[in-house]
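Descriptive structure summary
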Amino acid sequence: MGDPLFHSWVRHPEMLKVVRCFSGPDTKTFANMYINKPPDVNGTGIHPIHQDMVYYPWSHVERTVAAWTALAPVTKDNGCLVVVPGSHKRGLLEHSIPDWIKNAGFHTVTEVADVNDLNDVEHARINLVRVEMEPGDTLYFSPLLLHGSGLNNTDASRKSIVCHFAASKSTYLKDFDPAQDFAALNLAKSAHSVRG
Ligand SMILES: O=C(O)CCC(=O)C(=O)O
């Protein structure tokens, strides 16, 4: 982690205070991203409903947590996160690539693959909750929580930082769940087709 500002963010005492409620006192971070969702072009900006654990095969999932922080207002119009409350209790679910997806590398939970208008939670056939946020607000969530985000229908980029934490004792699992195998295989294929 070369950037000092980003490094200081990941060690933010207020954030770590909450993170440790999930990970326990000894915590480590394993993936951190600045996310820029630009104004949408041709429906490419939708992030379908998925569970992060499909990409992160770590042990002690109950001690793993994401901290997603808004850097600017995050709203229905610019593609805020949407979540399915309570879904983290269901374990890791089968994922697939929806036929409508325009962004290589994105996967979705198969049983909700048809739910593709994430800006319109009011008409979704499942219990989708919109998470609108002010700058500095942070959502903490399990890697098993079903979540995604809709299109950015504004003229400005939607900006956020997400940091993923686990208990220090967590280890990378060598034996993938079939859902993780599927995602890994498809990500490798996408990377190959981009690199040639
Ligand atoms: O920031 C978003 O729009 C979605 C991010 C997300 O779902 C993820 O990083 O797993």
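Located above this text is the structure these notes cover.
Now for a description of the structure that goes with this document. Note that the structure is a prediction, hence the values are computed from the model and not measured. (Residues numbered from 1 in each chain as written. Predicted model: local features only at pLDDT ≥ 70, side-chain atom pairs only at ≥ 80, totals over all residues.)

Digging into the sheet that holds strand β10 (residues 158-167)
What counts is decided by this rule: Two strands qualify as a pair provided DSSP detects at least 2 bridges between them. Strands are runs of DSSP state E lasting at least 2 residues, helices are runs of H or I lasting at least 4, and numbering of each runs from the N terminus. Interaxial angles span 0 to 180 degrees and are taken between N-to-C directions of axes, which are lines fitted to C-alpha atoms, for helices over the stretch in contact. Residues are treated as contacting if the C-beta atoms built from their backbones sit within 7 Å of each other.
The 4 strands lie next to each other as β1-β10-β3-β8, forming an open sheet whose pairing is antiparallel. The outermost strands of the open sheet, each flanked by one partner alone, are β1 (27-37) and β8 (138-141). For this sheet the average axis-to-axis angle between neighbouring strands, irrespective of direction, equals 15°. Running at roughly 155° to strand β3 (residues 65-70), helix α2 (residues 13-23) makes contact with β1, β3, β8 and β10 of the sheet.

Let's talk about the site of the ligand
Using the following cut-off: Only the C-beta atom matters for nearness: placed from the backbone, it must lie within 6 Å of the molecule or strand for the residue to count as near. The nonpolar class holds Ala, Val, Leu, Ile, Met, Phe, Trp, Tyr, Cys and Pro. Asp, Glu, Lys and Arg form the charged class, and all remaining residues, Gly among them, are polar.
Taken together, Ile35, Lys37, His47, Asp52, Leu81, His147, Gly148, Ser149, Ser160 and Val162 are the residues near the ligand. Put simply, the parts of the chain that give the shell around the ligand at least two residues each are β1, β9 (147-149) and β10. When residues in the shell around the ligand are grouped by element, the largest group, 3 residues, is from β9. Here the residues of the shell around the ligand sort into 3 nonpolar, 5 polar and 2 charged.

So, the environment of Thr44
Filter applied, for reference: Think of it as a crowd count around each C-beta: if 20 or more other C-beta atoms lie within 10 Å the residue is buried, if 12 or fewer it is exposed, and in between it is partly exposed, with C-beta placed from the backbone throughout.
Summarising the element assignment, Thr44 is placed in the loop between β1 and β2 (47-50). Among the residues examined, Thr44 registers 12 C-beta atoms within 10 Å and is labelled exposed. Through-space distance from the C-alpha of Thr44 to that of Leu128 is 21 Å; in sequence the pair is 84 residues apart. Not counting the four nearest positions on each side in its chain, Thr44 is found in contact with Lys102 and Asn103.

Section: unusual backbone geometry
In this structure, Asn42 is a non-glycine residue whose phi angle is positive, near 55°. If you trace the backbone, Asn42 turns up in the loop between β1 and β2. Judged by C-beta crowding, with 7 C-beta atoms within 10 Å, Asn42 ranks as exposed. Even without being a glycine, His60 presents a positive backbone phi close to 55°. By the element assignment, His60 lies in the loop between β2 and β3.

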